[in-house]
Amino acid sequence: MADQGVVLIVDDTLTNLEVLFDSLINADFKILVAEDGESAIDTANYALPDLILLDILMPDIDGFETFRRLKANHATADIPVIFMTALSETVDKVKGFTLGAVDYITKPFQQEEVLARVQTHLRLRQLTKQLQEQMAREQAIRAEAEAERSRATNILESITDGFFALDQEWRFTYLNPQAEPLLQRKRDDLLGRKIWDEFPEAIHSSFYQKYHRAATQRISVEFEEFYPPLNAWFAVHAYPAKNGISVYFQDITARRMAQEELQRQYQRSQLFAEVTLKIRQSLNLNEILQTAVTEVQKILQADRVLIYQLRADGSGSGVAEEVLPGWSPVLGKKFPEEVFPTEYREPYRQGRIRNIPDVTDQKEHVPPCLIEFVQQFQVKAKLVVPILIKSELWGLLIAHQCADPRFWTRFEAELLQQLADQIGIAITQGQLLEQETRQRQELGRSNADLQQFAYIASHDLQEPLRMITSYLQLLERRYKDRLDENASEFIAYAVEGAARMKTLINDLLAYSRVGTHGRPFEQVDCTASVKQAIANLKLSIAESQATITWDELPEIVADSTQLTQLFQNLISNAIKFRSADPPTIHISAVSQAENWLFRVQDNGIGIEPQYADRIFVIFQRLHNRTEYPGTGIGLAICKKIIERHDGNIWIESEPGKGSTFCFTIPDPA
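Values in this document were obtained by computation on a predicted structure and should not be read as measured data.

Undergrad: Honestly, the overall build of the protein in this entry has me stumped. Any pointers?
TA: Check the secondary structure of the protein and you find 20 helices and 23 strands. Within the protein, the fraction of its 669 residues that count as buried is 42%. Within the protein, contacts between residues at least 6 apart in sequence are counted, and of these 59% link residues at least 24 apart. On the protein, roughly 36,700 Å² of surface is accessible, and the fraction owed to carbon and sulfur atoms is 51%.

Undergrad: What is the right way to read the pattern of salt bridges from this model?
TA: Pairs can form between side chains of opposite charge whenever their charged atoms are close. Tallied over the full model, the rule gives 23 salt bridges. Between K107 and D55 there is a salt bridge; the shortest N-O distance is 3.1 Å. Of this pair, K107 sits in the loop between β5 (103-106) and α5 (111-144) while D55 sits in strand β3 (residues 51-55), and the two are 52 residues apart along the sequence. Of the two residues examined, K107 and D55, each falls in the buried class. The partner of E412 in a salt bridge is R406, with the nearest N and O atoms 2.8 Å apart.

Undergrad: I'm lost on the sheet that holds strand β15 (residues 381-389) in this one. Help?
TA: Sheet strands pair via backbone hydrogen bonds, and the direction of the pair is either parallel or antiparallel. Spatially, six strands are ordered β13-β12-β11-β16-β15-β14 in an open sheet, and the strand pairing comes out antiparallel. Every interior strand has two partners, whereas the edge strands, β13 (334-335) and β14 (354-356), have only one. Two elements, strand β12 (residues 316-323) and β13, share two bridges in a ladder whose sense is antiparallel. The residue bridging S317 from the neighbouring strand is K334, located in β13. Packing of helix α13 (residues 342-349) onto the sheet brings it into contact with β11 (304-310), β14, β15 and β16 (392-401), and relative to β16 it is tilted by some 95°.

Undergrad: Looking at this structure, how should I read the packing of helix α3 (residues 63-72) against helix α4 (residues 90-99)?
TA: Between two packed helices, both the angle of their axes relative to each other and the distance between the axes serve to describe the pair. Taken N-terminus to C-terminus, the directions of α3 and α4 make an angle of 10°; their axes are 11 Å apart at the nearest point. Classified by the angle between their axes, α3 and α4 sit roughly parallel to one another. Residues F64, F67 and R68 of α3 form the contact with α4, whose participating residues are D92, K95, G96 and L99. Of the residues in the contact of α3 with α4, the class split is three nonpolar, one polar and three charged.

Undergrad: Where do I start with the packing of aromatic side chains in this structure?
TA: For the coordinates displayed, the defined rule picks out 25 aromatic pairs. Here the aromatic rings of F67 and F83 are separated by 5.4 Å at their centres, their planes lie at 45°, and the arrangement is tilted. Of this pair, F67 sits in helix α3 while F83 sits in strand β4 (residues 81-85), and the two are 16 residues apart along the sequence. Relative accessible area serves as the criterion here: at 1%, F67 is assigned to the buried category. Exposure remark for F83: the relative accessible area of 0% places this residue in the buried category. Judged by centre distance (6.2 Å) and plane angle (50°), the rings of F97 and Y104 are tilted. Among the residues examined, F97 registers a relative accessible area of 41% and is labelled partly exposed. Owing to a relative accessible area of 6%, Y104 belongs among the buried residues under this scheme. Three or more aromatic residues joined by ring pairs make a cluster, and in this case those are F164, W170, F172, W196, F199, F207, Y208, Y211, F223, Y227, F234 and F249.

Definitions and limits used
- For every chain, the first residue of its written sequence is number 1, and the numbers climb from 1 along that sequence.
- Totals for whole chains, interfaces and linings use every residue, but because this is a predicted model, local features are given only for residues with pLDDT of at least 70 and side-chain atom pairs only at 80 or more, for both listing and counting.
- In computing side-chain properties, one takes all heavy atoms of the structure into account and sets aside hydrogens as well as water.
- Only DSSP runs of H or I with at least four residues qualify as helices, and only runs of E with at least two residues qualify as strands; both kinds are numbered from the N terminus onward.
- Accessible area is worked out with a 1.4 Å probe on protein chains only. A residue is then buried under 20% of its type maximum, exposed over 50%, and partly exposed in between.
- Whether two residues touch is decided by their heavy atoms; if any such pair falls within 4.5 Å, the residues are in contact.
- All accessible areas in this document rest on Shrake-Rupley with a 1.4 Å probe, and a residue is counted as covered only by the protein chains that are shown.
- For salt bridges, the criterion is a side-chain nitrogen of Lys or Arg within 4 Å of an Asp or Glu carboxyl oxygen.
- For two strands to count as paired, DSSP must find a minimum of two bridges between them.
- Between the N-to-C directions of two axes lies an angle of 0 to 180 degrees, each axis being a line fitted to C-alpha atoms and, for a helix, fitted only over the stretch in contact.
- We call two directions roughly parallel when the angle between them is under 35 degrees, roughly antiparallel when it is over 145, roughly perpendicular when it lies between 65 and 115, and oblique otherwise.
- Residues are sorted three ways: Asp, Glu, Lys and Arg are charged, Ala, Val, Leu, Ile, Met, Phe, Trp, Tyr, Cys and Pro are nonpolar, and all the rest, Gly among them, are polar.
- For this analysis, a ring pair means two rings from Phe, Tyr or Trp (six-membered ring only for Trp) whose centres lie within 6.5 Å, classed as stacked if their planes differ by under 30 degrees, edge-to-face if by over 60, and tilted for the remaining angles.

Now the structure itself:
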């Protein structure tokens, strides 16, 4: 099978090149490849491919810039280009089509789709060439047929395009009926007259230059041009004729307006995205407002941009302003209630925009007191959009023109409305952040006060307890022979109670110090921490005949002392709540996405699942002190240690089947 055409593939990713190359070469296309924009331009210049597949995201010069250079080169300007990219945003597609791309392929590729699109556009390319060749032949035919006025006139009278013929003196020799409404002139008024006399505004335009080029160089010319007196865009084809030139033209105003509107929408979306990003970069309310007025002033080139905040009493004032030199600032000036009465505020509350080209124009219905007030600040025109927060009028975004009256375009009004909406969102977020910051600060102060109170209370209670214990023991030794059995028992109870109180105070003190007296985080060997915890529990491990094993444990970034205390508390808990069998405790760790997951598993008595959260609450106990002594603080300390390390801790357990304490610690790697 013969080659179906030459395709240039431009992509900086080798995998993409290989996929496209294999797919298209199997379809009998001749393939050229380039890995960057510069190589693509060079290859296109000498090879002149039939179609270019062009990646957008490339180093050095991207696909859009490569496309512009190809189109700027006469040799490669007509080669159709299909953009390839992973970008799926409508704005990116609009940009590609606006530049002149014939199609858009989104990665990852579907080979059947790519092949179908390439075949379609190569076929269109072939048909276009055939059409161009046909048009060239028709041009020659038209030029030769000019002498046959009768037949040519019948043809020209029937075509839908406007047409006129000019002789060598630039006089109208013929106009078809369609030319009259397009030129807004009667044929009889133009025949025999010079075009430059009847349409003098065209002398310094492309019409004059292109028509002269067609006449002097004997070539056909094609162009689009706006003619202000008729307020219309025309697509023009001018051909050399035997005694002058022939001109076909169409009114393309509607198409051009649609293109310009599309371009304005793209520009507005770009500006909106840029300004929104700058506004959202800060959550400080004052910075948000000042950034907003600064950026809006740059976009609108207004003399002053102001954000006006409405107060509960009906008055208001400017809270942010950007004003050009030479004009009086409004910032800090209080707007009295009478210049902005309730009935004047209601339309803004409903989202209405006020576009006032001239504040003194009575048709604008601006209250006299407001006119008098704004004229203090040299305001000639203003554009006002509401800033709404939760459907309530927070204030206004106002643009002032002071030098002259100004008509604000629809584009400007819509852009300002979108920005006002974003300002409202940013203000809400800023207010929430300020509220959250205040609450966080208050909570921090409260926690600090509680920790300080716990520390002081624990410390101050130590001395009275020591005194009570000492005197009770002294009383027992000195008067042991004089006390009956009940008295000795009472003293024993008192000493035991004082000992429990001391343990409770020490545990409470340890709990309060987790967040305030911790050591700096450092690289810690978890195996070493486990061994230290076991050494600290040597006696209870021996008494209970506990067996403790562990897998290979990682090194993590942590407080080494608190990590040892964590393992010690969990091992001690497993020993305390053991079953009839000797305790068996196993410690393991596995790496997850961003954390290390530790598990401390035992064969103890277990707990009911509904108590899984309660056991980590300070002073919460599931058993009475007679069965299992303790203060109920050990697991609460574990939870607080894990929280300090930005992790989580929980238990997996069933009664009679043992317990597994799980906790996570972030892995900085």
